[in-house]
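A look at the structure
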Amino acid sequence: MHTVSKFTKFIPYLYFLSVIAYWFTTLNRLEGISAYPILLFGIPFLWQLIKPSRQLNFSLGIVFVCLSSYLIFAYLFDILNIIHWSESSKKILFYGGLLVVGNFVMSLWMVRNSIKKQF
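Residues numbered from 1 in each chain as written. Predicted model: local features only at pLDDT ≥ 70, side-chain atom pairs only at ≥ 80, totals over all residues. Heavy atoms only, no water.

Structural notes on the packing of helix 4 (residues 54-79) against helix 5 (residues 87-95)
In contact at an axis separation of 11 Å, helix 4 and helix 5 are set at 125 degrees when each is read in the N-to-C sense. Here helix 5 runs oblique to helix 4, going by the angle between their axes. At the point where helix 4 passes helix 5, the crossing takes the left-handed sense. Seen from helix 4, the contacting residues are Ala74, Tyr75 and Asp78; seen from helix 5, they are Lys90, Ile92, Leu93 and Phe94. Of the residues contributing to the contact of helix 4 with helix 5, the split by class is five nonpolar, no polar and two charged. (Axes fitted to C-alpha atoms, helices over the stretch in contact; angles between N-to-C directions. Helix = DSSP H or I, 4+ residues; strand = E, 2+ residues; numbered from the N terminus. Parallel < 35°, antiparallel > 145°, perpendicular 65-115°, else oblique. Left-handed = near helix turned anticlockwise from the far one by under 90°. Contact = heavy atoms within 4.5 Å. Nonpolar A, V, L, I, M, F, W, Y, C, P; charged D, E, K, R; others polar.)

This is the structure in structure tokens:
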């Protein structure tokens, strides 16, 4: 059981790396070589896997909590009909819902790991 708890702190980084890899492969099919800068987003997460840093972990967690909160507010505004969204925007909001919740949970997990001083 100790080995499982030892590796659970890496789950948020692997999640974000898999999202970046999916995003890259999808855009690489559509756009070609212009999708390669997306891979730069994976550098901080790879760095956390290789050489963990509490400051970088906390910074990444807070940044993604803020971004996810912004997207959650977009969902709330859609539900409350405060902002009128086009049909294509509503499709993106619908399909991205699980991603937003996943990003929020994983970023909170990263902040919790940096507060618990597991590194």
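Focus on the packing of aromatic side chains
Within the structure shown, the criterion is met by six aromatic pairs. Here phenylalanine 45 and phenylalanine 64 contribute two aromatic rings whose centre-to-centre distance is 5.6 Å and whose plane-to-plane angle is 50 degrees, an arrangement assigned as tilted. Here phenylalanine 45 is found in helix 3 (residues 43-50), whereas its partner phenylalanine 64 is found in helix 4, with 19 residues between them in sequence. Of the two residues, phenylalanine 45 and phenylalanine 64, both sit in the buried class. Through a chain of ring-to-ring contacts, the aromatic side chains of Tyr15, Phe16, Phe45 and Phe64 assemble into a single cluster. (Phe/Tyr/Trp six-rings, centres within 6.5 Å; stacked < 30°, edge-to-face > 60°. Buried < 20%, exposed > 50% of the residue type's maximum accessible area, 1.4 Å probe, protein only.)

Some points on helix 6 (residues 97-116)
In this model helix 6 runs 29 Å from its N-terminal to its C-terminal C-alpha over 20 residues, within 8% of the 28 Å that 1.5 Å per residue would give. If you check which residues of helix 6 are buried, you get Gly97, Val100, Gly102, Asn103, Met106, Ser107, Met110, Val111, Asn113 and Ser114. (Expected span 1.5 Å × (residues − 1).)

Describing the layout of surface pockets
If you add up the space inside the largest pocket, you get close to 660 Å³. Lining of the largest pocket is provided by 21 residues; of these, Val19, Trp23, Leu71, Leu99 and Asn103 occupy positions nearest its centre. The set of elements that each furnish at least two residues to the lining of the largest pocket consists of helix 2 (11-31), helix 4, helix 5 and helix 6. The dominant element in the lining of the largest pocket, judged by the number of residues it contributes, is helix 2, at six residues. Taken together, the residues that form the lining of the largest pocket break down as 16 nonpolar, five polar and no charged. (1 Å grid on protein atoms, 1.4 Å probe; cavity = no way out; pocket = protein on both sides within 12 Å on 5 of 7 lines; lining within 4 Å. Points joined across faces, edges and corners; volume = space filled by probe spheres on them.)

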